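The chain contents come next:
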Amino acid sequence: MSTETETVHDDPQGRFIYTITSEHRKALLSTDPQEFESAFNSIAKGIRDTYEQEGLVLIRGLLEEDSLLQRLSEDAQAVMESVKIETVFSSSTFGNAFSFPKADGTETSNGGSFREAALTSTIPAFIAKVLLCMDQDDTTNSLRLLKDAFLAKGKEQSHCGWHVDDSGFWPTNSQSNGVNVWIALDDMPAKYGGGMTVSPKSHKAEWRQDAYKTIGSTKIIPIEGVHFDSPMFLQVFGKTCSMDTLDPALSERIESSKVEFDYLKGDCLFCTRWLFHRSVEINEEGLKHYGEDVGLKRYTIRYERGSAQTYRGWSMEPCILMDPNNSGKSLDKICESAGPFYPQCWPRLSDQSKQEAQMETLVRDKFPEIKIKRGEALKAITEHFNKAKSSESTK
């Protein structure tokens, strides 16, 4: 089987990459629909067609380099230096948009730039206006922040294999089609590795159902969900990153279709939720190029329509740990009753500070209790797995 890789270097044919100018950025944040139409008239359809057909589009220049992008990069560097791990990534933090100072003021917030990027920047505006054609005046059709994470790739020689995000990273059911944004916070030439590679058109590939089954994707879980004492739970839990060992032939097939980009700092790769992707180790040449202290930074943001519903069944989702009745509800309904677990990004709020204050209240008043419940849930699932393994070994 062929394993040739299509490596895209600035893609002059425009198959995947589109460049955004200051005029486009201004139009995205404008409330004047005519300004948007004028700026995007020549490229909006091409971008949408690429996204729908390929399952991805890479937008260059979406973040202003000497403003938000610079602050985001500086805050990400601070996070990377304070949080060190050695697994698939050298550093990772989740829920950065919810990072606020402690009540006693002893901790400096590093969440401001992440929160701005996720909630009010050109990124959600691009998704709403260009990819999803949402109307600013349609208050019944919202776009919400589902999850976000900062990650840094270092010298660790491991990666998460070909996958689509599981319920931990994407806690809505299989009926939704959200958008994943991967933001490069460093230059990442493909020849050195360390970025993310994708499989174009994999969201509609004929092999995708086999791939969903192999890694226990949300796509194969019934709408009523799966509880951890169900036989099916052991079939779907904990397999997300293991495509290469569970089905090497299928993994190789996806590998043969991959595209690796020469990422530039600030590049925003937009992918459909159902596009197969994987992280890439920094190769030997890259380790020589970057040095021992390498940490290639990226910020990932997942968005969903407010009408999307949370995954039913066993869940580690904070709003469901707080109140199991939130299972199966729409993101809009949850936020109406429980607070902005999934902050609104579109339509743009007239007073963003009010939502941020509510987010901070959640962090201070609810998250500590949720953290305890999460620990209890993890303990229960660990005991369940150990019992299942013990039973299997005695057969």
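Residues numbered from 1 in each chain as written. Predicted model: local features only at pLDDT ≥ 70, side-chain atom pairs only at ≥ 80, totals over all residues. Heavy atoms only, no water.

## Here's the deal with helix H6 (residues 122-131)
Among the ten residues of H6, ten are classified as buried, and the element is accordingly described as predominantly covered. All of the buried residues in H6 are Thr122, Ile123, Pro124, Ala125, Phe126, Ile127, Ala128, Lys129, Val130 and Leu131. Two or three places before isoleucine 123, at the opening of H6, serine 121 has a side-chain oxygen 3.0 Å from that residue's backbone nitrogen. (Buried < 20%, exposed > 50% of the residue type's maximum accessible area, 1.4 Å probe, protein only. Helix = DSSP H or I, 4+ residues; strand = E, 2+ residues; numbered from the N terminus. Polar contact = N/O pair within 3.5 Å; in protein donor to acceptor, adjacent residues only side chain to side chain.)

## Re the packing of helix H1 (residues 22-29) against helix H2 (residues 33-40)
Packing of H1 against H2 brings their axes to within 8 Å, and their N-to-C directions diverge by 150°. In terms of orientation, H1 and H2 fall into the roughly antiparallel class. In this structure, the crossing between H1 and H2 has a hand that is left-handed. Here Glu23, His24, Lys26, Ala27 and Leu28 of H1 come into contact with H2, specifically with Glu35, Phe36, Ala39 and Phe40. By residue class, the composition of the contact of H1 with H2 is five nonpolar, one polar and three charged. (Axes fitted to C-alpha atoms, helices over the stretch in contact; angles between N-to-C directions. Parallel < 35°, antiparallel > 145°, perpendicular 65-115°, else oblique. Left-handed = near helix turned anticlockwise from the far one by under 90°. Contact = heavy atoms within 4.5 Å. Nonpolar A, V, L, I, M, F, W, Y, C, P; charged D, E, K, R; others polar.)

## Re the state of the cysteines
According to the stated counting rule, one finds one disulfide in the structure shown. Looking at the unpaired cysteine 268, the closest cysteine sulfur is the one in cysteine 271, lying at 11 Å. A relative accessible area of 4% places cysteine 271 in the buried class. (Disulfide = S-S within 2.5 Å.)

## Let's talk about empty space enclosed by the protein
One pass over the full model with this rule turns up three cavities of 30 Å³ or more. In this structure, the largest cavity encloses a volume near 60 Å³. Contributing to the lining of the largest cavity are Met188, Pro189, Ala190, Gly193, Gly194, Gly195, Met196, Thr197, Glu260, Phe261, Tyr263 and Val280. Going through the elements one at a time, strand E7 (196-198) and strand E8 (259-261) are the ones with two or more residues in the lining of the largest cavity. (1 Å grid on protein atoms, 1.4 Å probe; cavity = no way out; pocket = protein on both sides within 12 Å on 5 of 7 lines; lining within 4 Å. Points joined across faces, edges and corners; volume = space filled by probe spheres on them.)

## Some points on H2
Every α-helix winds through 3.6 residues per turn, so residues three or four apart in the chain are directed the same way. Among all positions of H2, only Phe36, Ala39 and Phe40 are buried. Along the axis of H2, the buried positions cluster into a sector of 80°, meaning they face one direction only. More than 90 degrees from the buried face of H2, the exposed residues found are Gln34 and Ser38. Packed against the buried residues of H2 are H1, helix H3 (44-54) and H6. The backbone nitrogen of glutamine 34 lies 3.0 Å from a side-chain oxygen of the residue at the head of H2, namely aspartate 32. (Arc of directions from axis to C-beta.)

## Comments concerning the packing of aromatic side chains
In total, this model carries 15 aromatic pairs according to the counting rule given. On the basis of an interplanar angle of 65° and a centroid distance of 4.8 Å, the ring pair of phenylalanine 114 and tyrosine 299 is categorised as edge-to-face. Taken together, the positions of phenylalanine 114 in helix H5 (residues 112-119) and tyrosine 299 in strand E11 (residues 296-305) put the pair 185 residues apart, joining distant regions of the chain. Taken individually, phenylalanine 114 and tyrosine 299 each receive the classification buried, so the pair is uniform in this respect. Judged by centre distance (5.8 Å) and plane angle (55°), the ring pair of phenylalanine 261 and tyrosine 263 falls under tilted. Overall, phenylalanine 261 belongs to the buried group, its relative accessible area being 2%. (Phe/Tyr/Trp six-rings, centres within 6.5 Å; stacked < 30°, edge-to-face > 60°.)

## Looking at the pairing of strand E5 (residues 143-153)
Taking burial as the measure, the eleven residues of E5 include ten buried ones, the bulk of the element. Here E5 pairs with strand E12 (residues 344-346) via two bridges, running antiparallel. The residue bridging leucine 143 from the neighbouring strand is tryptophan 346, located in E12. Summarising the sheet, E5 and E11 pair through ten bridges and their orientation is antiparallel. Across the sheet, leucine 143 pairs through a bridge with arginine 305, a residue of E11. (Pairing = 2+ DSSP bridges.)

## So, the nonpolar core
Within the largest apolar cluster, 53 residues are counted, with the highest numbers of intra-cluster contacts made by Phe40, Ile123, Phe270 and Tyr299. Looking at which element gives the most residues to this core, the answer is H6, with seven residues. Formed by 23 residues, the second largest nonpolar core is a distinct cluster that contains Phe233, Met316, Ile334 and Cys335. (Core = buried A, V, L, I, M, F, W, Y, C linked by side-chain atoms within 4.5 Å.)

None of the figures reported here should be taken as evidence of function without further support.
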